[in-house]
Every structure is written in C-alpha cells, then in structure tokens.
Amino acid sequence: MIDENIEDRIFDEFTIPHIAFPQDTIQQKKALARHIALLKKEELLFASAMAFSYESVIAGITAEQMEYFTKNAPKNYKQEIAKSIMAEYRMKEVFEIAKAMDEDLGEGVVQNQKRIERVYQYIKDNWVAFQF
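Residues numbered from 1 in each chain as written. Predicted model: local features only at pLDDT ≥ 70, side-chain atom pairs only at ≥ 80, totals over all residues. Heavy atoms only, no water.

Enquirer: Sorry, what's going on with the overall build of the protein chain here?
Expert: Per the secondary structure count, the protein chain includes seven helices and zero strands. Within the span of the protein chain, comprising 132 residues, buried residues form 42% of the whole. In the protein chain, 67% of the contacts between residues at least 6 apart in sequence involve partners at least 24 apart. Roughly 7900 Å² of accessible area belongs to the protein chain as shown, and the carbon and sulfur atoms make up 53% of that amount. (Helix = DSSP H or I, 4+ residues; strand = E, 2+ residues; numbered from the N terminus. Buried < 20%, exposed > 50% of the residue type's maximum accessible area, 1.4 Å probe, protein only. Contact = heavy atoms within 4.5 Å. Areas by Shrake-Rupley, 256 points an atom, 1.4 Å probe, with all protein chains shown as cover.)

Okay, structure coming up:
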C-alpha cells in the first residue's frame, strides 16, 4: 500500500505541476509565466482547473494555447479562467507580471503585455464558449 502523503504529492504533481513551487516573488511569478508560455497547447490542460485561478498561469498563456483551450478544455476549466479574468485584482497582477517580463527584455518592450491583451480580448470575444 502506498503512503497517503505520497499519493497526495503524486496527485498534486500531476494535476498542478505548474504551481507546485512558491510564487512569493515577482521573479518566481515570471518564471512560472515563462514556463506556461513555453508549454505545448495540449500540455496546458494537464493542470487542474484550479491552476487557472493563479495569476502567473494566466500571465503565461498564449493566444494559440487559449484557442486550443477554448475548443478542448472541460467546462470547469473554462469557467475558472473566465472567473479569473473577471476579477479586476487578478488581472491587475497578471498585467504586472507581463510588464515585469517585458522589462527583462528591454526598455519599451511590451510584447508580453500585448499577448495578455490578445488573450483577454479573445476570451471576451468568445465569452459564450466559457460559460457552457
């Protein structure tokens, strides 16, 4: 028989692999967002629905991933991300993370902020798909 703590840890690592490390600093948040941005679109669905309540996860999502997500994610995943983007305080932090990522790339760079704006607009434009 497997120890319950080990089972819980294994479950967490499979369902929440992207948020299994601390997100206390902006550096840690940027690292997670970069990791999410590099995932294959199919890999985005490996996490549990709860992952989409984390600002760092949302800050890393790409438009291509979001299109795949819209077509293939279960209802509870879509509802979680819709709830997250509707929370003003969460989106404020998402944009702060994207801005910090851009600052790492150089002065005047806004590519991550624009990526988040596109993802946000995509969700708004396809709002019905996130409700059902």
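Enquirer: Explain helix α4 (residues 63–72) here, please?
Expert: The periodicity of an α-helix, 3.6 residues per turn, causes residues three or four positions apart to be oriented the same way. Listing the buried residues of α4 in full gives Gln 65, Met 66, Phe 69 and Thr 70. Taken down its axis, α4 places every buried residue within 135° of arc, on the same side. In α4, those exposed residues whose orientation departs by more than 90 degrees from the buried face are Glu 64 and Lys 71. Residues of α4 that are buried in the fold lie against α2 (26–38), α3 (55–60), α5 (75–86) and α7 (111–125). (Arc of directions from axis to C-beta.)

Enquirer: Where do I start with the side chain of Ser 56 in this structure?
Expert: One can find Ser 56 in helix α3. A distance of 2.9 Å separates polar atoms of two side chains, one belonging to Ser 56 and the other to Gln 23. Sequence-distant contacts of Ser 56, that is, excluding residues within four places in its chain, are made with Gln 23, Lys 29, Leu 32, Ala 33 and Ile 97. (Polar contact = N/O pair within 3.5 Å; in protein donor to acceptor, adjacent residues only side chain to side chain.)

Enquirer: Mind showing me how you'd approach the confidence of the model for the protein chain here?
Expert: Parts of the model with low pLDDT should not have their predicted coordinates read in detail. Residues with a pLDDT of 70 or more make up 84% of the protein chain, whose mean pLDDT is 88. Mean pLDDT values over the elements of the protein chain span from 58, in helix α1 (residues 4–15), up to 97, in helix α6 (residues 88–105). (pLDDT = per-residue confidence, 0-100.)

Enquirer: So what exactly am I meant to see when it comes to the packing of α4 against α7 here?
Expert: Packed helices, taken two at a time, are described by the angle their axes make and the gap between the axes. Taken N-terminus to C-terminus, the directions of α4 and α7 make an angle of 25°; their axes are 9 Å apart at the nearest point. Regarding the angle of α4 to α7, the classification is roughly parallel. Here the hand of the crossing between α4 and α7 comes out right-handed. Taking contact as the criterion, the partners of Ala 63, Met 66, Glu 67 and Thr 70 in α4 are, on α7, Val 119, Tyr 122 and Ile 123. Broken down by class, the residue content of the contact of α4 with α7 amounts to five nonpolar, one polar and one charged. (Axes fitted to C-alpha atoms, helices over the stretch in contact; angles between N-to-C directions. Parallel < 35°, antiparallel > 145°, perpendicular 65-115°, else oblique. Left-handed = near helix turned anticlockwise from the far one by under 90°. Nonpolar A, V, L, I, M, F, W, Y, C, P; charged D, E, K, R; others polar.)

Enquirer: What is the right way to look at the packing of aromatic side chains in this model?
Expert: Between two aromatic rings, the relevant description is the distance of the centres plus the angle of the planes. Evaluation of the coordinates by the stated rule reveals three aromatic pairs. Taking the centre distance of 5.8 Å and the plane angle of 50° together, the rings of Phe 52 and Tyr 77 count as tilted. Within this pair, whereas Phe 52 is found in the loop between α2 and α3, its partner Tyr 77 is found in helix α5, the two being separated by 25 residues in sequence. Residues Phe 52 and Tyr 77 agree in their burial class; the two are buried. Between Phe 69 and Phe 130, the ring centres sit 6.4 Å apart and the planes meet at 20°, which makes this aromatic pair stacked. Here Phe 69 is found in helix α4, whereas its partner Phe 130 is found in the segment after α7, with 61 residues between them in sequence. Looking at Phe 69, the relative accessible area reads 0%, which means it is buried. (Phe/Tyr/Trp six-rings, centres within 6.5 Å; stacked < 30°, edge-to-face > 60°.)

Enquirer: For this particular structure, what's the right way to read the nonpolar core?
Expert: Across soluble globular proteins, nonpolar side chains show a tendency to be buried alongside one another. In terms of nonpolar packing, the biggest core is built from 28 residues, with Phe 52, Ile 61, Met 66, Phe 69 and Ile 81 touching the most fellow members. Looking at this core, the elements that each hand over two or more residues are α2, α3, α4, α5, α6 and α7. With five residues, α6 is the single largest residue contributor to this core. Excluding its chain neighbours within four sequence positions, the residues that come into contact with Ile 61 are Ile 36, Leu 44, Phe 52, Met 66, Ile 81, Arg 115, Ile 116 and Val 119. (Core = buried A, V, L, I, M, F, W, Y, C linked by side-chain atoms within 4.5 Å.)

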